[in-house]
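Coordinates in review
Spelled out, the chains give:
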Amino acid sequence: MVSAALPQSSHAAATFNFGKDQFFTLGVGVRGQYLSNDPNATPAHSGAASANDLRIYMGAQFHKYVKSTLNLERLRDGNWNVLDGILQIEPWKFFNVWMGRMLTPSDRSNLDGPYFLSTYAFPFVSQYPGAWSGRDDGITVWGKLVKDHFRYMTGVYRGHNWVRGGSNYGEHPLFAARLEYNFLDPEPSPAYYTASTYYGKADILAIGLAGQYETDGVGTAQDKGDYKAWNIDGLFEKKIGKNAKHGVYTLEGAYYQYYTGGVQDIASGYRQRAAEYGNVGGISDGTAFLASTAYLIPYTLGWGRLQPLVRYQEFRFKKDLYDSGHPKTTQFDAGANYVLDGHNLRFTLDYVRYHEAHTKASNAFLLGMQLQY
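Residues numbered from 1 in each chain as written. Predicted model: local features only at pLDDT ≥ 70, side-chain atom pairs only at ≥ 80, totals over all residues. Heavy atoms only, no water.

Quick look at the overall build of the chain
Broken down by element type, the chain carries one helix and 17 strands. Against the 2.2 N^0.38 benchmark of 21 Å for 373 residues, the chain shows a C-alpha radius of gyration of 20 Å, consistent with a compact globule. Its C-alpha atoms give the chain principal-axis dimensions of about 55 × 45 × 40 Å. Looking at the chain as a whole, 50% of its 373 residues qualify as buried. Long-range contacts, defined here as pairs at least 24 residues apart, represent 62% of the contacts in the chain between residues at least 6 apart. Side chains of the chain give 35 positive and 34 negative charges; the mean places of these two sets differ by 5 Å. (Helix = DSSP H or I, 4+ residues; strand = E, 2+ residues; numbered from the N terminus. Rg over C-alpha atoms; globule rule 2.2 N^0.38 Å. Buried < 20%, exposed > 50% of the residue type's maximum accessible area, 1.4 Å probe, protein only. Contact = heavy atoms within 4.5 Å. Lys, Arg positive; Asp, Glu negative; His and termini not counted. Charge placed at Lys NZ, Arg CZ, Asp CG, Glu CD.)

Structure below.
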């Protein structure tokens with residue numbers, strides 16, 4: 001099991017044992033999609049057929065309490081980037097220390113990552129900054145208490161806008177924390193990672209609260225603002241009938257507040273090779289929320305099961321900061337997953353209606369596939 005490298009249990013392509021409490025694991029993750037030709041249908045994808053992700057997962061244990069994770073991701077420009085690079089000291093379940101590049105304490109969607117959402121497209125309302133895919137360089141302390149029902153994580157990280165001309169050129173770190181309590185079964189996921197559906201592996205009622213703060217975290221060198229953000233999120237998933245005889249119902253919601261101190265941030269990827277590089281720019285001041293629901297049908301259709309779902313997102317920008325009034329961006333998704341092996345092998349057909357502020361609404365159909373091994 002690549003237990004430290006992945007937010008959920010997935011198959012490792014190879015495991016090499018070198019002795020007691022010493023081993024190395026290797027795995028891979030692939031996501032691809034076909035999007036109908038509507039360039040405004042989603043915030044980030046405008047092509048037809050494309051490979052969204054190609055990841056290589058590597059994990060190692062050197063000692064009973066010392067582990068490491070190295071995950072690589074192929075970028076759209078053909079280059080490879082370090083997704084996760086973590087030295088993990090894990091002496092107790094209630095107190096562990098991770099150092100390196102990792103997911104920061106934030107909302108459930110970010111801690112899911114793209115592979116463990118209930119639907120295919122990552123929610124645009126989840127806008128916590130990161131050096132790459134929600135990650136940042138720093139140190140995290142985390143643990144599980146109350147028989148794994150309570151999880152906490154907190155840390156200090158390099159932070160946002162470390163670029164010449166940006167608001168925080170080498171000055172202030174980012175502070176982040178998250179608290180989560182599971183009122184029913186503990187979430188069957190390692191460390192502080194999460195998922196938005198467990199396909200009936202447990203009955204879940206989880207509430208999480210996260211917050212981040214960075215002095216001079218947004219804006220330019222001449223016009224700086226403190227970055228503050230917080231959110232509350234919840235997941236309810238219930239097996240209906242004994243052994244989920246009548247299916248599995250899922251309900252998820254999240255509410256966000258983002259603050260930029262009354263200034264506009266610099267553009268995403270300012271002075272970087274591309275917008276996704278460098279944890280630079282792109283933070284908006286505003287209020288956002290998402291709500292989604294899904295139902296895993298208990299009957300097998302061919303090799304897998306269907307999970308119909310709908311999701312709605314809305315980001316309302318701060319009044320008069322970006323334009324007059326309260327401009328907003330919305331997205332509605334309706335579709336179904338065809339689940340063959342949980343998050344390890346799944347297909348998604350999704351209708352997307354995306355309406356960016358001050359533009360005409362657009363529609364598209366998305367067919368996505370993901371494989372982890």
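Considerations on the pattern of salt bridges
All told, the structure shown has 17 salt bridges when counted by the stated rule. A salt bridge links Asp84 to Arg135, with the shortest nitrogen-to-oxygen separation between them at 2.9 Å. Here Arg135 lies in strand β7 (residues 135-145) and Asp84 lies in strand β5 (residues 80-92), a separation of 51 residues in the sequence. One exposure class covers both Asp84 and Arg135, and it is buried. Connected through shared salt-bridge partners, Arg108, Arg151, Arg178, Glu180, Glu187 and Asp233 make up one network. (Salt bridge = Lys/Arg side-chain N within 4 Å of Asp/Glu carboxyl O.)

With respect to the side chain of Ser106
Within the fold, Ser106 resides in the loop between β6 (95-103) and α1 (108-112). A distance of 2.9 Å separates a polar atom in the side chain of Ser106 from the backbone oxygen of Thr104. Side-chain polar atoms of Ser106 contact the side chain of Asn110, separated by 2.8 Å. Ignoring anything within four residues of it in the chain, the contact list for Ser106 reads Leu111, Tyr128, Arg178, Ala210, Gln212 and Asn231. (Polar contact = N/O pair within 3.5 Å; in protein donor to acceptor, adjacent residues only side chain to side chain.)

With respect to the environment of Val125
Turning to its location among the elements, Val125 is positioned in the loop between α1 and β7. Spatially, the C-alpha atoms of Val125 and Thr330 are 9.1 Å apart, while their sequence positions differ by 205 residues. Look past the residues within four positions of Val125 in its chain and what remains in contact with it is Tyr256, Tyr258, Ala288, Phe289, Leu290, Gln313, Glu314 and Phe315.

Here we look at the packing of aromatic side chains
Going through the model one piece at a time under the given rule, you end up with 18 aromatic pairs. On the basis of an interplanar angle of 25 degrees and a centroid distance of 5.9 Å, the ring pair of Tyr258 and Phe315 is categorised as stacked. One end of the pair, Tyr258, is in strand β12 (residues 248-259); the other, Phe315, is in strand β14 (residues 305-317), and 57 residues separate them in sequence. Given the relative accessible area of 1%, Tyr258 is considered buried. (Phe/Tyr/Trp six-rings, centres within 6.5 Å; stacked < 30°, edge-to-face > 60°.)

Observations concerning the nonpolar core
Within the largest apolar cluster, 21 residues are counted, with the highest numbers of intra-cluster contacts made by Val125, Tyr128, Tyr227, Tyr256 and Phe315. For this core, the elements supplying multiple residues, two or more each, are β9 (174-182), β10 (204-219), β11 (224-239), β12, β13 (286-296) and β14. Here this core takes three residues from β12, the largest share from any one element. Setting aside chain neighbours within four positions, we find Tyr128 in contact with Ser106, Asp107, Ala210, Gln212, Tyr227, Ala229, Trp230, Asn231, Tyr256 and Tyr258. (Core = buried A, V, L, I, M, F, W, Y, C linked by side-chain atoms within 4.5 Å.)

Thoughts on the pairing of β6
Two strands pair when backbone bridges link them, and β5 and β6 are joined in this way by six bridges, in the antiparallel orientation. When the bridges of β6 are listed, Leu87 appears paired with Met99. Hairpin connection from β5 to β6: two residues lie between these consecutive antiparallel strands. For β6 and β7, the ladder comprises eight bridges, and the chain directions are antiparallel. Counterpart to Arg101 in the pairing with β7 is Asp137. (Pairing = 2+ DSSP bridges.)

Re the pairing of strand β17 (residues 362-372)
Side chains of β17 alternate between two faces, with Ser362, Ala364, Leu366, Gly368, Gln370 and Gln372 buried and Asn363, Phe365, Leu367, Met369 and Leu371 left unburied. Bridging between strand β2 (residues 22-35) and β17 involves seven bridges; their strand directions are antiparallel. Bridging from a neighbouring strand, Gly29 pairs with Gln372 of β17. Here strand β16 (residues 345-355) runs beside β17; their pairing, made up of 10 bridges, is antiparallel. Bridged to Val352 within β17 is Ala364. Hairpin connection, β16 to β17: the antiparallel pair is bridged by six residues, and His358 has positive phi, about 65 degrees.

A few points about the confidence of the model for the chain
Averaged over all residues, the pLDDT of the chain is 90; the fraction at 70 or higher stands at 93%. Every residue in residues 39-46 scores below 50 in pLDDT, and together they form 23 contacts with partners more than four places removed in sequence or on other chains. (pLDDT = per-residue confidence, 0-100.)

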